[in-house]
Amino acid sequence: MNYFNPNLPSSILVVIGFLFLLLFPFDQLFSGFNLGEFQVHHIGDIVKNLVIILYGLVLIRQYGYVRVSGVFRWIPRYPMLLVIPLYFVLFGLLPYVCFDYDFGAVKLLDFMLLMLGMLSVGLSEEVVFRGFVLPHLIKKLPLDQGLVVPIVMAALLFGVLHLLNLLQPEASLVTVISQVTYATMFGVAFGIVLLRTQSLLPLGILHGLINFSSNWDKLPGAISPIKTETYLLYEALISVAIVVPFLWYALQQLPKIDRESVLQRFQKIES
C-alpha cells in the first residue's frame, strides 16, 4: 500500500503556520495593563486562539472544506458520540476531589479566564487539525488507502506538536511523552467522531471542556499537593490509560463511515 499523501507537505506547512501563531507573544500586547501575570497570559491566549481560529476558517473556506469539516453545522449527527467522551471531564476533576486541593482563594475572574482560554484552545486546535488538516489529507487519498491513514496522519501532526511542552520550565520528559501519546490517540478518536457527526463546533467545545477540567491547579491562589516523581509517573500512565476506552469506542465507528459519501462532500463544494 502507498502511504504517501500528496497533501502531506502542504499540511505540514499549515501546521508550521499554526506553530508560528502559537509561539507569537500575544500576551505582551496586554503587559502594560493593570493585570496579574495569569490574567495577561490568558487574555493573550484567548486573542491568540481567536487569530488561529480565523486562520483555520480562512483555509477551510479557501480550499472548499466547509461541508466536509462540518465547521458551520451546529447540530451534530449521532450526538451520543459526543456524550461518551464527557467522562474525560469527570476524570479531570476527580483529583481535585480525591487529593488535598484548596480553591478557596481563587478569584472568579481568573476562573472565567481559564475556562474561556481552554475553550479557545479546544476550538482553535479542532478548526486547524480536524477542520482543515484532516479533510486536506482525505482529499488526495490514494485509491488503495483507507480513511484510517489520513486520520492517523492528522493525529500524529497534532500529537507531535505537544513536544513543545518540553520548552516549559520544569518540564518532565515522562509527562511530555504521555501528552504526545495521549494527544495522538485523542486525535485519532476525534477524527473519527468528526467524520461521523459532521459537526466541528461541539467537538471544539468538548475539547476545551476536557482541557479546562484538568487545569484548575494552574489557577492563582489554588493550593495543590506536592507532586513527586512517582505521582507524575502514575499521572502520566493514567492519562494515557483513560483514553483507551474512548479510542476503542471510536474505532468501532470507523467501519460505519462511508468513504464515498465523505469524498462526495468535496465534489459538492467544488461544483
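Sequence order as written defines residue numbering, which begins from 1 separately in each chain. Local features are withheld for residues below a pLDDT of 70 in this predicted model, meaning they are given only at 70 or higher, and side-chain atom pairs are given and counted only at 80 or more; totals for whole chains, interfaces and linings count all residues. Side-chain measures were taken over the full set of non-hydrogen atoms in the model, leaving aside hydrogen atoms and water.

Re the overall build of the chain
Right, so step 1: In terms of helices and strands, the chain carries 12 helices and zero strands.
Right, so step 2: Secondary structure counts use DSSP, requiring at least four H or I residues in a row for a helix and at least two E residues in a row for a strand, with both numbered from the N terminus. Helices (α) and strands (β) of the chain occur, in sequence order from the N terminus, as α-α-α-α-α-α-α-α-α-α-α-α.
Right, so step 3: Here the globule rule is a power law, 2.2 Å times the number of residues to the power 0.38, and the radius of gyration is based on C-alpha atoms. Relative to a compact globule of 271 residues, whose C-alpha radius of gyration would be 18 Å, the chain shows 19 Å and is just as compact.
Right, so step 4: Exposure classes here rest on a 1.4 Å probe applied to the protein chains alone. A residue is buried below 20% of its type maximum, exposed above 50%, and partly exposed in between. A buried classification covers 49% of the 271 residues belonging to the chain.
Right, so step 5: Note on contacts: a residue pair is in contact if any heavy atoms of the two residues lie within 4.5 Å. Long-range contacts, defined as pairs at least 24 residues apart, comprise 85% of the intrachain contacts of the chain with a sequence gap of at least 6.
Right, so step 6: The distance from the centre of the 16 positive side-chain charges to the centre of the 16 negative ones in the chain is 17 Å. For the purpose of counting charges, residues Lys and Arg are taken to be positive, whereas Asp and Glu are taken to be negative. His and the chain ends are not included. A single reference atom marks each charge: NZ on Lys, CZ on Arg, CG on Asp, CD on Glu.

Looking at the packing of aromatic side chains
Right, so step 1: Under the pairing criterion, centres of Phe, Tyr and Trp rings, with the six-membered ring standing for Trp, must be within 6.5 Å; the plane angle then separates stacked pairs below 30 degrees from edge-to-face pairs above 60, leaving the rest tilted. Inspection of every chain in the model, using the stated rule, returns 27 aromatic pairs.
Right, so step 2: Measuring from centroid to centroid gives 4.9 Å for Phe-24 and Phe-26, while their planes differ by 65 degrees, and the two rings are edge-to-face.
Right, so step 3: Every member of this aromatic cluster is reached through a ring pair, and the members are Tyr-87, Phe-88, Phe-91, Tyr-182, Phe-186, Phe-190 and Phe-246.
Right, so step 4: Two conditions define a charge located above a ring, namely a distance within 6 Å from the ring centre to NZ of Lys or CZ of Arg, and an angle within 35 degrees of the ring normal. We note Arg-130 situated over the ring of Phe-158; from NZ or CZ to the ring centre the distance is 4.6 Å.
Right, so step 5: The ring centre of Tyr-78 lies 4.1 Å from the NZ or CZ of Arg-196, which sits over that ring.

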